[in-house]
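In case you want the letters, here they are:
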Amino acid sequence: MASTNTTACHSGEGGLPTGSPLTGWLAVSSVMLGIFSIVTTEILPIGLLTTIGSSFAISDGMAGLMLTLPGLLAAVSAPVVTVATAHVDRRQMLCVFMLLLAMANFLAAAAPGYWLVLLSRVIVGIVIGGFWSIGAGLAERLVPAASVGRATSVIFSAVPLGSVIGVPAGTFIGDLGGWRTAFVVMGALTAGVLAMLLLVMPSLPPNGTTRPSVLRGMFKSVNVRFALLLTFLAVLAHFGTYTYVGPFLEQVTDVGSQLVTVFLLVYGAAGVVGNFLGGALVTRYPRATFALAAGLIATATLLLPILGRLQVGAVALLIIWGVAYGAVPVSSQTWFAKATPDAPEAASVLFTASFQMTISLGAVAGGVIVDRTSPSTVMTLGGLVAVLVVVAAWAHFARRLTWPDNT
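For every chain, the first residue of the written sequence is number 1, and numbering continues from 1 along that sequence. The predicted origin of the model limits local features to residues at a pLDDT of at least 70 and limits the giving and counting of side-chain atom pairs to 80 or more, whereas totals for whole chains, interfaces and linings rest on all residues. Water and hydrogen atoms were dropped before computing side-chain values, which therefore reflect all heavy atoms in the structure.

Remarks on the overall build of the protein
Cut-off, in case you're wondering: Helical segments are the DSSP runs of H or I of at least four residues, strand segments are the runs of E of at least two, and each set is numbered from the N terminus. The buried label applies to any residue whose accessible area, calculated with a 1.4 Å probe on protein chains only, is under 20% of its type's maximum; exposed applies above 50%, and partly exposed to all values in between. The contact rule is simple, with two residues in contact once any of their heavy atoms fall within 4.5 Å. Reported accessibility uses the Shrake-Rupley method at a 1.4 Å probe radius. Residues are deemed covered only where the shown protein chains occlude them.
For the protein, the count of helices and strands is 18 helices and 0 strands. Scored against the burial criterion, the 407 residues of the protein give a buried share of 57%. Contacts in the protein between residues at least 24 apart in sequence constitute 85% of all its contacts with a sequence separation of at least 6. Carbon and sulfur atoms make up 71% of the accessible area of the protein, which amounts to about 15,200 Å² in all.

Remarks on the packing of helix 14 (residues 286–307) against helix 15 (residues 311–326)
Short version of the rule: As a rule, the C-alpha atoms of each element are fitted with a line to give its axis, helices using only the stretch in contact, and angles between N-to-C directions run from 0 to 180 degrees. Between 65 and 115 degrees an angle is taken as roughly perpendicular, under 35 as roughly parallel, over 145 as roughly antiparallel, and anywhere else as oblique. In this scheme the handedness of a crossing depends on how the near helix is turned from the far one: anticlockwise by less than a right angle means left-handed, clockwise means right-handed. In this classification, Asp, Glu, Lys and Arg are treated as charged, Ala, Val, Leu, Ile, Met, Phe, Trp, Tyr, Cys and Pro as nonpolar, and every other residue, Gly included, as polar.
In contact at an axis separation of 8 Å, helix 14 and helix 15 are set at 160° when each is read in the N-to-C sense. The angle between the axes of helix 14 and helix 15 places the two elements in the roughly antiparallel class. Here the hand of the crossing between helix 14 and helix 15 comes out left-handed. In this structure, helix 14 uses Ala-293, Leu-296, Ile-297, Ala-300, Thr-301, Leu-303, Leu-304 and Leu-307 to contact helix 15, whose residues at the interface are Gly-313, Ala-314, Leu-317, Ile-320, Trp-321, Ala-324 and Tyr-325. Across the contact of helix 14 with helix 15, the residue classes tally to 13 nonpolar, 2 polar and no charged.

A look at the environment of Val-349
Residue placement: Val-349 occurs in helix 17 (residues 344–372). Sequence separation between Val-349 and Leu-215 is 134 residues; the distance between their C-alpha atoms is 8.3 Å. In contact with Val-349, not counting residues within four places along its chain, are Ala-78, Pro-79, Thr-82, Ser-133 and Leu-215.

Considering the nonpolar core
So the rule is basically this: Among buried residues, the Ala, Val, Leu, Ile, Met, Phe, Trp, Tyr and Cys ones that are joined through side-chain atoms within 4.5 Å form a nonpolar core.
Within the largest apolar cluster, 102 residues are counted, with the highest numbers of intra-cluster contacts made by Phe-131, Trp-132, Leu-142, Val-245, Leu-249 and Trp-321. With 11 residues, the top contributor of residues to this core is helix 11 (residues 222–242). Counting 20 residues, the second-largest nonpolar core is a separate cluster that includes Phe-56, Met-66, Ala-182 and Phe-183.

Topic: the side chain of Thr-85
Position of Thr-85 relative to the elements: it lies in the loop between helix 3 (65–84) and helix 4 (90–110). Residue Thr-85 is classed as buried on the basis of its relative accessible area of 13%. Filtering out sequence-adjacent residues up to four positions away, Thr-85 remains in contact with Arg-90 and Met-93.

Digging into the packing of aromatic side chains
Put simply, the rule reads: To pair, rings of Phe, Tyr and Trp, with the six-membered ring standing in for Trp, must have centres within 6.5 Å; the planes then decide the type, stacked if under 30 degrees apart, edge-to-face if over 60, and tilted in the middle.
This structure, assessed with the given rule, holds 7 aromatic pairs. The interplanar angle of 45° and the centroid separation of 5.7 Å between the aromatic rings of Phe-56 and Tyr-114 together place this pair among those described as tilted. One end of the pair, Phe-56, is in the loop between helix 1 (21–55) and helix 2 (60–63); the other, Tyr-114, is in helix 5 (residues 114–135), with 58 residues separating them in the sequence. For the pair Tyr-242 and Tyr-267, a centre-to-centre distance of 4.6 Å together with 25° between the ring planes defines the contact as stacked. Of this pair, Tyr-242 sits in helix 11 while Tyr-267 sits in helix 13 (residues 257–282), and the two are 25 residues apart along the sequence. Here Tyr-242 and Tyr-267 have matching classes, each one buried. Members of the aromatic cluster, joined through ring pairs, are Phe-56, Tyr-114, Trp-179 and Phe-183.

Section: a nonpolar patch on the surface
Defined as follows: A residue counts toward a patch only above 30% relative accessible area and without a salt bridge, and it is joined to like-charged neighbours within 9 Å or, for Val, Leu, Ile, Met, Phe, Trp and Tyr, to nonpolar neighbours within 5 Å. Salt bridge criterion: a side-chain nitrogen from Lys or Arg within 4 Å of a carboxyl oxygen from Asp or Glu.
On the surface, Val-273, Leu-277, Leu-281 and Tyr-285 cluster together to form a nonpolar patch covering roughly 350 Å² of accessible area. Note that Leu-281 resides in helix 13.

A short note on the confidence of the model for the protein
Using the following cut-off: Confidence of the predictor in every single residue is expressed as pLDDT, which spans 0 to 100.
Looking at the protein, the pLDDT average stands at 82 and 89% of residues meet or exceed 70. Confidence over residues 1–16 falls short of pLDDT 50; this stretch has 44 contacts with residues more than four positions distant or in other chains. Low confidence marks residues 401–407, where pLDDT is under 50. Its contacts with residues over four positions away, or in another chain, come to 25 contacts.

Things to note about the environment of Phe-156
Mapped onto the secondary structure, Phe-156 falls in helix 7 (residues 148–156). Taking C-alpha positions, Phe-156 is 7.2 Å from Asn-275, a pair spaced 119 residues apart along the chain. Setting aside residues no more than four positions away along its own chain, Phe-156 makes contact with Trp-132, Ala-136, Asn-275, Pro-329, Val-330, Gln-333 and Phe-351.

This is the structure we're talking about:
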């Protein structure tokens, strides 16, 4: 961007911010809104799963492919797109991804057949892998060092905000105007985020090329491998169950679609709290934070088939679940970043790829189980997987491994 542009800060040598604090935080906010758009688009079908499935005469498990495909494509595109565009200004790439996301939402809204909906979800997956890999680690290039931790929490607050605002709002719009209207609104919002990125994001020349050799070398770190294990188990437990929380609430708790929206809103609000709590705790207590979050996810999902038959029990457990899962993304990203401090974008690539691949696997596993058994069985099995995270964290503590450690 031209040096006369006063609406955005500019990165100096080494990618350090040189503009005013206000412009840096505006840029951070634009990244957060971009991730909010991505997260909301990715999980929007959760609240509309039954409605979309009915319109195409497919089962809940088949409709779950709308969650499976983006995760799978994101896991592949995270390293591929990041490496292929390693020499391209990161601002340009963020804008391209927002344009693609808007197009994907409009395509889903207009799709006459389910296969076109799935095609739009392929595009969403590519956007997730690319935008997340670049955007998740940008805080240190946009704000002073003392504010990086807070800026990272702001960026990652987009994850629970996608649940607290995006999914319930999308479900509400879907109830009023149909599920296609929800995707139209999401496309318009994404176009607005694109405009904001163009206005406030500074030029971001590549800061350390992400090469395949760098990604391969990360696996030599004990703590990177452990972060992969924790991320895999925690996200598998969550998305294997949360993808089908709508059918659970409708079939087991016996609530209507409007109350499902309210319940998801409560869950998302708890997730916002969990995001900032997790961000504050994980740098000091990495093992304990992950273990506590997983333990609470296990508690909530294991008790849902029992206490979730009552509305008050379902709400209480969704609050616990929301707080717990809200801490997972920021904790996982922090683990990867601290384990590889010299390659922040590569750390984001590995975080994104592992996170999204597991979302895909979780949705597939949950879909297979829910079509053959019931939503209650899905919750129980997901809870047992979450217990494994607690066991793994305890085993890691018992070995007295330091953190971070690149050996």
